[in-house]
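# What the coordinates show
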Amino acid sequence: MAKGYWVSVYPAISDPERLTAYNKLAGPAVRAGGGRTLSRAGRVVAHEAGITQRVVLIEFDSFEQAVAAYESEAYQEALVDFPDGVERDFRIVEGID
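Residues numbered from 1 in each chain as written. Predicted model: local features only at pLDDT ≥ 70, side-chain atom pairs only at ≥ 80, totals over all residues. Heavy atoms only, no water.

## Examining helix 1 (residues 16-32)
Residues lying three or four places apart along an α-helix face the same way, a consequence of the helix completing one turn every 3.6 residues. For helix 1, spanning 17 residues, the distance from its first C-alpha to its last is 24 Å, which sits close to the expected 24 Å at 1.5 Å a residue. All buried positions along helix 1 are accounted for by Leu19, Tyr22, Ala26, Gly27, Ala29 and Val30. Elements in contact with the buried residues of helix 1: strand 1 (4-13), strand 3 (55-60), helix 3 (73-80) and strand 4 (86-94). A positive phi of about 95° marks Gly34, the residue just after helix 1. (Helix = DSSP H or I, 4+ residues; strand = E, 2+ residues; numbered from the N terminus. Expected span 1.5 Å × (residues − 1). Buried < 20%, exposed > 50% of the residue type's maximum accessible area, 1.4 Å probe, protein only. Contact = heavy atoms within 4.5 Å.)

## Here's the deal with unusual backbone geometry
Even without being a glycine, Ala41 presents a positive backbone phi close to 60°. Take Ala41: its relative accessible area is 44%, and that puts it in the partly exposed class. A positive phi is found at Glu48, a non-glycine position, where the angle reads about 55°. Checked against the element boundaries, Glu48 lands in the loop between strand 2 (36-40) and strand 3.

## A few points about the packing of helix 1 against helix 3
Put simply, helix 1 and helix 3 touch, their axes get as near as 8 Å, and they point 170° apart. Classified by the interaxial angle, the pair formed by helix 1 and helix 3 is roughly antiparallel. Residue-level contacts link Tyr22, Leu25, Ala26, Ala29 and Val30 of helix 1 to Ala74, Tyr75, Ala78 and Leu79 of helix 3. In terms of residue class, the contact of helix 1 with helix 3 is made up of nine nonpolar, no polar and no charged. (Axes fitted to C-alpha atoms, helices over the stretch in contact; angles between N-to-C directions. Parallel < 35°, antiparallel > 145°, perpendicular 65-115°, else oblique. Nonpolar A, V, L, I, M, F, W, Y, C, P; charged D, E, K, R; others polar.)

Structure follows, in structure tokens:
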């Protein structure tokens, strides 16, 4: 079964304190859904039209588990606190088996 991944890139963060507050809610929701954070705000080398701002990569045992974690009540509650001052490009992708 192919793994699932949440991939988030943050082109703009104008309210880092509120992003931290969201992360305090989102982290436990992601872990409860089976997610494992592989990368979060580490070093980035961007090429072409790449963005060097925050990049987050979270792994799940399956694509279906990744989708279910996003749709979970706990994560949806965390999203209510996602700050307006943060621009995020978020997607759920299926890995290669």
